[in-house]
Amino acid sequence: MADLQGIGVSPGRAAGPVHRLAPPPPLPPAPAVIDIDAERSRARAAVATVTSALSERADAAADATAAEVLRAQVLMAADETLLDAVDTAIDGGADAPHAFVAALAEHRAAFEAAGGYLAERVSDLDDLRDRLVAACLGLPMPGVPSPGHPFILVARDLAPADTAGLDPSVVLGLITAEGGPTSHTAILARTLGIPAVVRCGAVLDIADGVLVSLDGSSGAVAAGLSDASAKSVNDAQRALLDRRSASAGPGATADGHPVALLANIGSARDLPAGVDVEGVGLFRTELLYLDRTEPPSFEEQVAAYQQVFAALPGRKVVVRTLDAGADKPLPFLRLADEPNPALGIRGLRVARATPAVLDTQLSAIAAAAAASTADVWVMAPMVATAAEAAAFAASCRDHGLRTAGVMIEVPAAALRAGTVLRDVDFLSIGTNDLSQYTFAADRMCGDLADLLDPWQPALISLIAACATAGREAGKPVGVCGESAADPDFALVLVGLGITSLSMAARSIPAVREALAAHTHDECVQFAKAALAADTPTAARAAVRP
Ligand code: PEP
Ligand code: MG
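A quick note: this is a predicted structure, and the numbers were derived from the prediction, not measured.

Conventions adopted
Residues numbered from 1 in each chain as written. Chains lettered and ligands numbered in written order. Predicted model: local features only at pLDDT ≥ 70, side-chain atom pairs only at ≥ 80, totals over all residues. Heavy atoms only, no water. Helix = DSSP H or I, 4+ residues; strand = E, 2+ residues; numbered from the N terminus. Rg over C-alpha atoms; globule rule 2.2 N^0.38 Å. Contact = heavy atoms within 4.5 Å. Areas by Shrake-Rupley, 256 points an atom, 1.4 Å probe, with all protein chains shown as cover. Lys, Arg positive; Asp, Glu negative; His and termini not counted. Charge placed at Lys NZ, Arg CZ, Asp CG, Glu CD. Salt bridge = Lys/Arg side-chain N within 4 Å of Asp/Glu carboxyl O. Buried < 20%, exposed > 50% of the residue type's maximum accessible area, 1.4 Å probe, protein only. Donors = N, O, S within 2.8 Å, 3.2 Å for Na, K, Ca; no water. Domains from an automatic or database assignment. Pairing = 2+ DSSP bridges. Axes fitted to C-alpha atoms, helices over the stretch in contact; angles between N-to-C directions. Parallel < 35°, antiparallel > 145°, perpendicular 65-115°, else oblique. Nonpolar A, V, L, I, M, F, W, Y, C, P; charged D, E, K, R; others polar. Core = buried A, V, L, I, M, F, W, Y, C linked by side-chain atoms within 4.5 Å. Expected span 1.5 Å × (residues − 1). Arc of directions from axis to C-beta.

If you tally the helices and strands in the chain, you get 21 helices and 16 strands. Computed over the C-alpha atoms, the radius of gyration of the chain is 24 Å, within 12% of the 24 Å expected from 2.2 N^0.38 for a compact globule of 545 residues. Referenced to the eigenvectors of the C-alpha coordinate spread, the extents of the chain come out at roughly 75 × 60 × 40 Å. Sequence-distant contacts in the chain: of pairs separated by 6 or more residues, those separated by 24 or more amount to 69%. A total of about 21,900 Å² of accessible surface is found on the chain, and carbon and sulfur atoms cover 57% of it. Side chains of the chain give 41 positive and 64 negative charges; the mean places of these two sets differ by 5 Å.

Okay, structure coming up:
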């Protein structure tokens, strides 16, 4: 048996035979002579086939995150500059498949040169190229195999279109050679509840059909298992999930200290049927604004918010106002090109240039809230100063929204949490961005995964400062970044004084179980030990020696 190591990005264990992603279509030799009009029509037909197939999958996607990434790919395929480049290549004598290869190679080079978020989207472009070439040649789309039995999917990397369509009852686990903890593969695997390991280069040497197991927490992969050991891994995982799904009710430590366990959603579709959530701790509203050249109307927004509020009568729903810019670019805002978008006009800062967008959104949230019994809270993303927080809270109150808070994602705001809290009702810590800005490490960069680790002592210190400020002010401080879904880290957060944890709904049972197994006092001891640790490894060891 061979032991391999990657980075665990979606918890859980799974075992089964390896099957690789279907290879890209082979490119036939370039013809010496072409019919320009016929090749242009062939290229347009291929774009139409690929965009309609991706749009259909976006509409059918089981969760909002998958729909979002598929729609972003449709936008890329229909981009006018791509079609212009394809026409130019055809005018130069290339047939349609070779024209797509040439045009997308240009885009690829530009994305790579831009770095950051765009460089991470290179695999999306490669996937698009393969789909367009397959459509030109009338071949089946490349992608996830269908061996007719459950399997472990292995790939160099997965494009969003591949990951978004995965069926968790067939794809038992995912192992990729590349990608990072914040890649689409990782986010979608967590949303779908599929155990996943990324950055395990040696996995590409394992032949199809070999039995492997993976641990989506530790990143361990074992190849060459016997049938009996593969079965025992899957049986143990099933028993664990059954036990967890039987646990229900509000979150609390073993001695009854309450900790609200809330869901992160992008639309009502992310609230899984049958999962009884205490409420929503982060309603990301960006989805409504995607793929558009004009912002959604007041009426459209009211309808979308009402759909979510209606699903949660009497329960808390924290709506985050539009968080645009950087890793969430939105065409309708027509933001100027920025050399460093993550440090530019994003989040609440967009309201400086276009206050009407925030104004309409707050009016729509207030109208939808007035027509429902949900307990609606509103918060702003990317707040840096107490003055910004106070102005946002005043604006919420002007719109009749009673409970206004801010996200803590910028170290400046964490360091002054007490002052920020003076004019708002609550804080919600976005550890994804707080890590990025504390460590000057792009959250999309898999190579900097060690710095983006939530167990980094500097991040824990900033969270502690916010929790202390909340305790002193008698106001709630929650965490809604990915770190809240780590059951061990959740214990530390509770020990630091965090009052609610918000995560993908599927992650809630494991966190509920961890809290129920420890007293509040134990959590406080874990937090003290994690705060005293000098490295992430030492901090982890404080909870799990
Ligand atoms: C965060 O930054 O931690 C967060 C929850 O917001 P998002 O991931 O949407 O930027
Ligand atoms: Mg954020």
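On to the pattern of salt bridges. Under the criterion given, the structure shown has 27 salt bridges. In this structure, the salt-bridge partner of Asp447 is Arg199, at a minimum N-O distance of 2.5 Å. Of this pair, Asp447 sits in the loop between helix 16 (431-439) and helix 17 (457-473) while Arg199 is found in the loop between strand 6 (196-198) and strand 7 (211-215), placing the two residues 248 residues apart along the sequence. Overall, Asp447 belongs to the exposed group, its relative accessible area being 58%. Taking relative accessible area as the criterion, Arg199 reaches 31% and is therefore assigned partly exposed. Salt-bridge contacts for Asp235 lead to Lys231; the nearest nitrogen and oxygen are separated by 2.7 Å. Here Asp235 and its partner Lys231 are both found in helix 9 (residues 227-246), 4 residues apart, which amounts to about one turn of the helix.

Taken together, the protein donors to the magnesium ion (ligand 2) comprise Glu409 (OE) and Asp433 (OD), at separations of 2.0 to 2.1 Å. Note that Glu409 is positioned in the loop between strand 13 (403-408) and helix 14 (411-415) and Asp433 in helix 16, a separation of 24 residues in sequence. The two residues Glu409 and Asp433 agree in class, both being buried.

Relative to the helices and strands, Glu56 is located in helix 1 (residues 36-60). For the pair Glu56 and Leu70, spaced 14 residues apart in the sequence, the C-alpha separation amounts to 9.4 Å.

Below, the discussion takes up the environment of Ala45. Looking at the secondary structure, you find Ala45 in helix 1. By relative accessible area, Ala45 is classed as partly exposed at 42%. Along the chain, Ala45 and Val317 lie 272 residues apart, while their C-alpha atoms are 44 Å from each other.

How big an interface is tends to be stated in terms of the accessible area lost upon association of its parts. Here the chain is described as being made up of domain 1 (2-22 + 143-242), domain 2 (36-137) and domain 3 (253-543). A separation of 27 Å is found between the C-alpha centroids of domain 1 and domain 2.

The next point concerns the sheet that holds strand 3 (residues 13-20). With mixed pairing, 8 strands are arranged side by side in an open sheet as 1-8-7-3-4-5-6-2. Unpaired on one side and paired on the other, strand 1 (2-5) and strand 2 (7-10) mark the two borders of the sheet. Taken over all neighbouring pairs, the strand axes of this sheet differ in orientation by 30° on average, direction set aside. In this structure, strand 2 lies alongside strand 6, joined through 3 bridges in antiparallel fashion. Paired with Gly8 across the two strands is Val197, which belongs to strand 6. Seen against the sheet, helix 9 touches strand 3, strand 5 (171-176) and strand 7 and runs at an angle of roughly 125° to strand 3.

Sheet architecture is closed into a barrel: 8 strands sit in the order 9-10-11-12-13-14-15-16, paired in parallel fashion. Across the sheet, the mean angle from the axis of one strand to that of its neighbour is 25°, orientation sign disregarded. Set on the sheet, helix 19 (residues 508-516) makes contact with strand 9 (260-265) and strand 16 (500-503); between it and strand 9 the angle comes to about 165°.

The interhelical angle for the contact between helix 9 and helix 19, taken along N-to-C directions, is 80°, at an axis separation of 9 Å. The angle between helix 9 and helix 19 falls in the class roughly perpendicular. Here Leu240, Arg243 and Arg244 of helix 9 come into contact with helix 19, specifically with Pro509, Ala510 and Glu513. Of the residues in the contact of helix 9 with helix 19, the class split is 3 nonpolar, no polar and 3 charged.

With that out of the way, let us pick up the side chain of Gln237. Inspection of the secondary structure puts Gln237 in helix 9. With residues near it in sequence (within four places) discarded, Gln237 still touches Gly12 and Arg13.

Ranked by size, the top nonpolar core spans 97 residues in total, and within it Phe309, Leu427 and Leu501 carry the most contacts. Setting aside its immediate chain neighbours within four residues, Leu427 contacts Val406, Ile408, Ala417, Val420, Leu421, Cys466, Pro476, Val477 and Gly478. Residues Val47, Met76, Ala77 and Phe111 belong to the second largest nonpolar core, which totals 29 residues.

This part takes up helix 20 (residues 520-532). Helix length check: helix 20, at 13 residues, gives a terminal C-alpha distance of 18 Å against a target of 18 Å (1.5 Å per residue), a fit within 8%. For helix 20, every residue scored as buried is listed here: Cys523, Val524, Phe526, Ala527 and Ala530. The buried residues of helix 20 all sit within an arc of 160° when viewed along its axis, so they share a single face. Exposed and oriented more than 90 degrees from the buried face of helix 20 are Lys528 and Ala532. For helix 20, the elements touching its buried residues are helix 17, helix 18 (487-496) and helix 21 (536-543).

This brings us to the pairing of strand 10 (residues 279-284). Summarising burial for strand 10: 5 of the 6 residues are buried, a large majority. Of the pairings in the sheet, the one linking strand 9 to strand 10 comprises 3 bridges and is parallel in character. Within strand 10, the position partnered with Ile265 by the bridge is Phe283. Where strand 10 meets strand 11 (residues 316-320), 4 bridges bridge the pair, whose relative direction is parallel. By the bridge assignment for strand 11, Phe283 is matched with Val319.

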